[in-house]
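Listed here are the chains, written in short residue letters.
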Amino acid sequence: MSETVQESPAVAEATDSPATDESSPEAASAEVSNTEALLVQEGDIAGDYLERLLDLLDYDGDIDLDVEAGRAVVSIDGGSDLEKLVGGRGQVLEALQELTRLAVQQDTGVRSRLMLDVAGWRAGRREELSEMGRSSAEEVLKTGQAARLRPMTPFERKIIHDAVAAIDGVHSESEGEEPNRKVVIFKS
């Protein structure tokens, strides 16, 4: 049920040999390799944790592990029951991600930034939010009126900020306190 990312021999070799000159290209390469090895380890721990959870729930799902943009990414796909692990507006998914991060932290001693996606929900949500950010920014450009969006999770706000940043003449800020923190888009 679980698929794990295998550490390449170059990564294993780099993590086993210390660099002598920290400013050398070899030292930089070893540091990147050490970071990647830690992320692969995080993914493996998370995959094992989630596989045990799926077994307990008697849910079917394939676990895919990857490393993207400096964080471990774990996806669960394939089972018909998986949408229950997403919940309304991704609330169950957010809680499950936090539990998985804690399981990784317990094993490694390091706080994880692991990203979890279930049944492609985050990928689909990313597309919806990017479009919302673009269209809201274009409306602000047209009317000159600031747009205050509904409260969002940090994941959702980041996507909106990225979409707004791609459009000249507008900028965005977050305001408020969790869980009511929202994005506000202004004309520049």
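Quick summary incoming for the structure in this document. (Residues numbered from 1 in each chain as written. Predicted model: local features only at pLDDT ≥ 70, side-chain atom pairs only at ≥ 80, totals over all residues. Heavy atoms only, no water.)

### Quick look at the packing of aromatic side chains
The tally for this structure, following the rule as stated, stands at zero aromatic pairs. Seen from the ring of F155, R122 lies directly overhead, with NZ or CZ sitting 4.7 Å from the centre. (Phe/Tyr/Trp six-rings, centres within 6.5 Å; stacked < 30°, edge-to-face > 60°. Lys NZ or Arg CZ within 6 Å of the ring centre and 35° of its normal.)

### Thoughts on the nonpolar core
If you look at soluble globular proteins, the nonpolar side chains tend to sit buried side by side. Grouped together as the largest cluster of nonpolar side chains are 19 residues, with contacts concentrated most on V74, I76, L116 and V118. Secondary-structure elements contributing two or more residues to this core are helix 2 (25-57), strand 1 (62-68), strand 2 (71-77), helix 3 (91-108) and strand 3 (115-118). Broken down by element, the residue count for this core peaks at four residues, all from helix 2. Of all hydrophobic cores here, the second largest spans 16 residues; its members include M115, I159, V164 and I185. (Core = buried A, V, L, I, M, F, W, Y, C linked by side-chain atoms within 4.5 Å. Buried < 20%, exposed > 50% of the residue type's maximum accessible area, 1.4 Å probe, protein only. Helix = DSSP H or I, 4+ residues; strand = E, 2+ residues; numbered from the N terminus.)

### A word on helix 5 (residues 154-165)
Note that an α-helix has 3.6 residues per turn; residues three or four places apart therefore point the same way. For helix 5, which comprises twelve residues, the first-to-last C-alpha distance of 16 Å matches the rise-based estimate of 16 Å (1.5 Å per residue) to within 8%. Taken as a whole, helix 5 has its buried residues at F155, E156, R157, I159, I160, A163 and V164. Looking at the buried positions of helix 5, the neighbouring elements they touch are helix 3, strand 3, helix 4 (121-143), strand 5 (170-175) and strand 6 (182-187). (Expected span 1.5 Å × (residues − 1). Contact = heavy atoms within 4.5 Å.)

### Comments concerning helix 4
Spanning 23 residues, helix 4 covers 32 Å between terminal C-alpha atoms, matching the ideal 33 Å at 1.5 Å per step. For helix 4, every residue scored as buried is listed here: R122, R125, L129, S130, G133, S136, A137 and V140. One or two steps after helix 4, the chain reaches G144, where phi turns positive at roughly 80 degrees.

### As for the pairing of strand 6
As defined by bridge partners, strand 4 (residues 147-148) adjoins strand 6 across two bridges and the pair is classed as antiparallel. Directly across from A147, in strand 6, lies its bridge partner I185. Pairing between strand 5 and strand 6: six bridges, direction antiparallel. Paired with V170 across the bridge in strand 6 is K187. Joining the antiparallel neighbours strand 5 and strand 6 is a turn of six residues, in which G176 adopts a positive phi near 95 degrees. (Pairing = 2+ DSSP bridges.)

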